[in-house]
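Fold and geometry: a report
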Amino acid sequence: MPAPRVAAIHDLSGFGRCSLTVAIPTLSAMGVQCCPLPTAYLSTHTGGFTGNTFLDMTDQMASVTDHWKNCGVVFDAIYTGFMGSREQMALTADFVRTFRRPECLAVIDPVMGDHGKAYRTYTPEMCRAMSRLAEEADVITPNRTEAAILLNQEYDTLRLDHPEECRRWAERLSLEGRRSVVLTGITLPDKPVTGAACFDRTDGKTHLVYAPLAPGQFHGTGDLFASVLTGALVQKHSLKDAAQTAADFTSLCAAHTGKENIPAREGLDFEPLLLRLAGNA
Ligand code: PXL
C-alpha cells in the first residue's frame, strides 16, 4: 500500500514547534506523506515571542494549487491550520474545492486563539473568514476558545467539564450534522484528565475520549493533536480511535516536556517520542 498523502496548508515557523514543523515529522512518523503548502515563513511563531520575521507567501498559493492540479496530484486529506490573512483563507477554501473528492477528507483546524483570547494577529474579520473556511470541512478541531468564536458565544459560557455539556457543544458545532467535530480541551470535574468530544457525522453519535492531564501548557499542543488525528484518519481509523490516539500521544509529550523544564514557547519536546507513533500505522 502506498503512503496516504496529505496536503498541509499552514505557516512554517522556524523556531517554536508548531504548524508545519509539527505536522511534517508527525505525519511522516505515521507513514503518511505530507505535502506542505507554506503560507508564510516566520522566524518564530507569534505566541511568547516578539519581533518575529514574517515572509508572506500568499502570492504562491494559487500557483502551487494550479501546478499540483496540472500534475494530477490527488490527496487523501487536506489539513489546514494557522492563517496569516483573510486572503489566505479564501485561497485555502479554493484549494479544498479544487482537490475535493469523496475519498479526500478536509480536516480544518480553525486556529484562532487559546485561553479565551484570539491570537494577536487575528482580527474579528479574520475570525469570520475562518468560520467560512470551516464550512468547507469534513472535520474541524476547535479548542474551547475557537469553539466559542465559531458559535458566537461568550468563552465563559462554554464549559467543557461535564460530559453532557461537551456533547451538546460538539453537536452544535457540527452545522446540523454536516461536518464531524473534534472539540479539544474537555475535562472532568473529579479527575485530572483532558480530551476531546467527537461528534461523528457518519453515525451522528458523540464519543468522549480522555487522557491523563499533564501539568503545564505548551505552545503547539493543538497542532500536535490535529496532526496525529489527521494521520490516524487517513490510516482509516474511526474518528473516536483517531482522537484517542491523538489525546494519548499529546498527553505523553506534555508529560515528558514538563519533566524537561522546557519553556512553554518552545513547544512540545515530541521528537524523542515520535517513533512511538509508528506503531499506529
Ligand atoms: O500553534 C498555532 C500557531 C501556528 N503558527 C503561528 C502561530 C500560532 C499561534 O500563536 O503564531 C505562526
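What this report covers is the structure whose coordinates are included nearby. Counting restarts for each chain: residues are numbered from 1 in the order of the written sequence. Local features in this predicted model are restricted to residues whose pLDDT is 70 or higher, and side-chain atom pairs enter the listing and the counts only when it is 80 or higher, whereas totals over whole chains, interfaces and linings include all residues. Hydrogen atoms and water are omitted, and side-chain values are computed over all heavy atoms in the structure.

Further remarks concern the sheet that holds strand S3 (residues 54-56). Read across the sheet, 9 strands follow the order S3-S2-S1-S4-S5-S8-S9-S10-S11 without closing on themselves; strand pairing throughout is mixed. The open sheet has two free edges, formed respectively by S3 and strand S11 (205-212), since each of these has just one partner strand. By definition, two strands form a pair when at least two bridges between them are found by DSSP. Strands here are runs of E lasting at least two residues and helices are runs of H or I lasting at least four, both read from the DSSP assignment and numbered beginning at the N terminus. Bridge analysis of strand S8 (residues 139-140) against strand S9 (residues 180-188) gives 2 bridges, and the strand direction is parallel. Within the sheet, the bridge partner assigned to Val139 lies in S9 and is Ser180. The sheet strands contacting helix H8 (residues 239-259) are S8, S9, strand S10 (191-200) and S11, and the helix crosses S11 at an angle near 20 degrees. Throughout, a contact is declared for two residues whenever any of their heavy atoms are within 4.5 Å. To obtain each axis, a line is fitted to C-alpha atoms, and for helices this fit is confined to the stretch in contact; angles are then taken between N-to-C directions over 0 to 180 degrees.

Think of it this way: one heavy atom of a residue within 4 Å of a molecule or strand is enough to make that residue near it. The ligand sits among 13 residues. The nearest are Asp11, Thr46, Phe82, His219 and Asp223. Polar contacts, as used here, are pairs of N or O atoms within 3.5 Å; protein pairs need one atom able to donate a hydrogen and one able to accept it. Residues neighboring in sequence count only if both atoms are side-chain atoms. The side chain of Asp11 places a nitrogen or oxygen atom 2.8 Å from a nitrogen atom of the ligand. For accessible areas, the Shrake-Rupley method is used with a probe of radius 1.4 Å. Any residue's cover is judged against the shown protein chains and nothing else. For the ligand, the accessible surface in isolation is 320 Å², of which the surrounding protein chains cover 98%. For the shell around the ligand, a count of residues per class yields 5 nonpolar, 6 polar and 2 charged. Each residue is assigned to one class: nonpolar for Ala, Val, Leu, Ile, Met, Phe, Trp, Tyr, Cys and Pro, charged for Asp, Glu, Lys and Arg, and polar for all the others, Gly among them.

Attention shifts here to the pattern of salt bridges. Opposite charge on two side chains permits them to pair, given that their charged atoms come into close proximity. The working definition used for a salt bridge is a side-chain nitrogen of Lys or Arg within 4 Å of a carboxyl oxygen of Asp or Glu. On inspection of all chains with the given rule, the structure shows 13 salt bridges. Taking the shortest distance from any N to any O, the salt bridge between Arg97 and Glu136 comes out at 2.6 Å. Linking Arg97 in helix H3 (residues 86-99) with Glu136 in the loop between helix H4 (124-134) and S8, this pair joins segments that are 39 residues apart in sequence. Each residue is placed in one exposure class: buried if its accessible area under a 1.4 Å probe, protein chains only, is under 20% of its type's maximum, exposed if it is over 50%, and partly exposed if it falls in between. Under the relative-accessibility criterion, Arg97 is labelled partly exposed at 46%. Note that Glu165 is salt-bridged to Arg168, the shortest N-O span being 3.1 Å. Of this pair, Glu165 and Arg168 both sit in helix H6 (residues 163-172), separated by 3 residues, roughly a single helical turn. Under the relative-accessibility criterion, Glu165 is labelled partly exposed at 24%.

Another point: the nonpolar core. Here, nonpolar core refers to any group of buried Ala, Val, Leu, Ile, Met, Phe, Trp, Tyr and Cys residues whose side-chain atoms link them within 4.5 Å. Counting 46 residues, the largest nonpolar core has Trp68, Phe75, Met89, Phe95, Tyr122, Leu173 and Leu183 as its most contacted members. For Phe95, the contacting residues outside a window of four places in its chain are Ala7, Ile9, Leu37, Thr65, Trp68, Phe75 and Ile78. Core analysis: the next-biggest nonpolar cluster, separate from the first, contains 42 residues, Val6, Ala23, Val234 and Phe249 among them.

It is the contact of H3 with H4, at a shortest axis distance of 9 Å, that shows an interaxial angle of 5 degrees. When the axis of H3 is compared with that of H4, the two are roughly parallel. Where H3 approaches H4, its residues Arg86, Met89, Thr92 and Ala93 are matched on the opposing element by Glu125, Met126, Ala129, Met130 and Leu133. Tallied by class, the residues present in the contact of H3 with H4 amount to 6 nonpolar, 1 polar and 2 charged. Reported orientations rely on four angle classes, namely roughly parallel under 35 degrees, roughly antiparallel over 145, roughly perpendicular from 65 to 115, and oblique for the rest.

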